[in-house]
Amino acid sequence: MGFPVVFSRFCSPCDIKELFCTALGLPRNTGLSLLDSTGAMVSIDPTMPHNTERSPYRVVPLTGGQLADKEELFQNVLTQVAEQFSRAFKINELKTEVTNRLAMLEKRVELEGMKVVEIEKCRSDIKKLREEMASRNNSSFLDDNKKLTPRRDVPSYPKMLSCLEHMYHDLGLVKDFNINPITLKRWLLCIHDNYRNNPFHNFRHCFCVTQMMYSMICLCSLQEKFTQVDILILMTAAVCHDLDHPGYNNMYQINARTELAVRYNDISPLENHHCAVAFQIFSQPDCNIFSNFDPEAFKQIRQGTITLILATDMARHGEILDSFKQKVDSFDYTDEEHVTCLKMVLIKCCDISNEVRPMEVAEPWVDCLLEEYFMQSDREKAEGLPVAPFMDREKVTKPTAQIGFIKFVLIPMFETVMKLFPQIEEMMVQPLRDSRDRYEELKQIDDAMNEVQKKKSENLTMGGKKK
């Protein structure tokens, strides 16, 4: 005969199971099932319903296999409940969405933070650069007897890279075309690494040409007349226009039958090479500032950039300027052909714009250019190739090299552009006229000195004959 047992609500299920095991003479850790009079399973815990003599509970010990089946059944039930819960509340979708949004926010915070830091750094660098230039202009740049030598260390490469970054940010190109600022940095560093250390055609020249393009965009309010895609093409073509220049011009490439001349069939070999190197760099994902453009937009930018870089071949100067002269008096900004022609002339202006700058900046660049010319002419003489007179160190002087170039190339081109943008006269055309006048005065002095030297030589010769 049984006896009634009442379990306290503070009693644990384990205690109750142990009591059952003790009553049945079973080990304490034996698995048990509690069944009611109908055979239904009852949960073993203090809250289980009371049984009676008419409806007694039956305690059944479980074997190892039954325990495993029970555990598996329990796990299956839990899994189904979890799946149903997940479907009902879309847990996985919410988790994925939250993860993606968090990643996007983290990336945005990182990029925005870098933009702010880098832009402030660029502004600081530009401020310092302006202060350096101002202090240099206020001091005596040259003593009377001091030779003017190229200042190849000002500005420094980090400053130039920072300034180029700033130009892309300041013109709204980074924001409007969603250019990753880190990719912009890597691209500019790769550009820098792919300019050779030539006397003239080097990364400093790339920077000067791009800076002049930025100045013309601002001075002529080109963003009011051109699309932002046009502005992006102008700036990018300026950055890339002399990539991997070997220091020897197209005429040398063609006469020496170099690999570049053979590859491009003597048609603008250098300019075609600059384009090819530029788009090899863009093909690297880490350096592709155009990665967010769709294929059609990228095709437009690629074609526009190639057109401008090819326009820098001075062999095409007359053809391009004549075409622009025919359009300038009735220029139409809605005509794609007119706009393309203007962009070609603009990059040409920037490419050969050193004489627009103050004398203390411009004249060292003449020294650099003549050094590169003389390197080429010496090599041409050694290889038995034709030598251009304006490159021959025995025939050319700084004044003779510059007077003709300024009078017949620079001034006519800039004065034609001035018809469309009168505002460049004071800032760009007048400095060219002043430079022409200064070199003509230097030539007169050189001619007078040569004449005196000639007369001295003649007098010495005559004196020798009398003796």
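Residues numbered from 1 in each chain as written. Predicted model: local features only at pLDDT ≥ 70, side-chain atom pairs only at ≥ 80, totals over all residues. Heavy atoms only, no water.

## Observations regarding the confidence of the model for the chain
Where we set the bar: The predictor reports its confidence for every residue as pLDDT, a score running from 0 up to 100. Contacts were defined at the residue level, with two residues in contact if any of their heavy atoms lie within 4.5 Å.
Model confidence for the chain is summarised by a mean pLDDT of 84, while 76% of its residues fall at 70 or above. Contacts for the low-pLDDT stretch residues 136-154, under 50 throughout, to residues beyond four places or in other chains number 22 contacts.

## Some points on the environment of L171
Definition in use: Put simply, DSSP H or I for four residues or longer makes a helix, DSSP E for two residues or longer makes a strand, and each gets a number counted from the N terminus. Under the scheme applied here, a residue whose accessible area is under 20% of the maximum for its type counts as buried, over 50% as exposed, and between as partly exposed, the area being computed with a 1.4 Å probe on protein chains only.
Assignment of secondary structure puts L171 in the loop between α4 (157-170) and α5 (173-176). Owing to a relative accessible area of 4%, L171 belongs among the buried residues under this scheme. Once the C-alpha coordinates of L171 and Q228 are considered, the two residues, 57 residues apart in sequence, prove to be 8.7 Å apart.

## Concerning the packing of aromatic side chains
Cut-off, in case you're wondering: Only centres within 6.5 Å qualify two rings of Phe, Tyr or Trp (six-membered ring in Trp) as a pair; their planes then separate them into stacked at under 30 degrees, edge-to-face at over 60, and tilted for everything else.
Under the defined criterion, the tally for this structure stands at 15 aromatic pairs. On the basis of an interplanar angle of 20° and a centroid distance of 5.7 Å, the ring pair of W187 and F282 is categorised as stacked. Pair noted here: W187 is in helix α6 (residues 181-193) and F282 is in helix α11 (residues 269-282), with a separation of 95 residues, a long-range link. Pair check on accessibility: W187 and F282 agree, each one buried.

## Quick look at the environment of F282
On the basis of relative accessibility, which here comes to 4%, the residue F282 falls in the buried class. In sequence terms F282 and W187 are 95 residues apart; their C-alpha atoms lie 8.0 Å from each other. Every residue in contact with F282, bar those within four places of it in the chain, is listed here: W187, T236, C240, C287, N288, I289 and F290.

## Looking at the nonpolar core
Heads up, the rule is: Nine residue types can take part in a nonpolar core, namely buried Ala, Val, Leu, Ile, Met, Phe, Trp, Tyr and Cys, and a core is a set of them joined through side-chain atoms within 4.5 Å.
Formed by 96 residues in total, the largest nonpolar core has its most connected members in Y168 and W187. Apart from residues no more than four positions distant in its own chain, Y168 is found in contact with L173, V174, L184, W187, L232, M235, T236, V239 and I289. Ranked by size, the runner-up nonpolar core spans eight residues in total, among them I16, F20, L32 and L34.

## Some words on the pairing of strand β1 (residues 32-35)
Definition in use: DSSP bridges decide pairing: two strands pair if at least two such bridges lie between them.
The side-chain alternation of β1 yields two buried faces, one formed by L32 and L34 and the other by S33 and L35. For β1 and strand β3 (residues 58-61), the ladder comprises four bridges, and the chain directions are antiparallel. Bridge pairing in β3 places L35 opposite R58. Connecting β1 to the next strand, strand β2 (residues 41-42), in antiparallel fashion are five residues, including G39 with a positive phi near 90°.

## Overview of the state of the cysteines
The cut-off we apply is this: When two cysteine sulfur atoms are found within 2.5 Å, that pair is recorded as a disulfide.
In total, this model carries zero disulfides according to the counting rule given. Here C220 stays free of any disulfide, with the sulfur of C350 as its closest cysteine sulfur at 9.3 Å. We classify C220 as buried; its relative accessible area is 0%.

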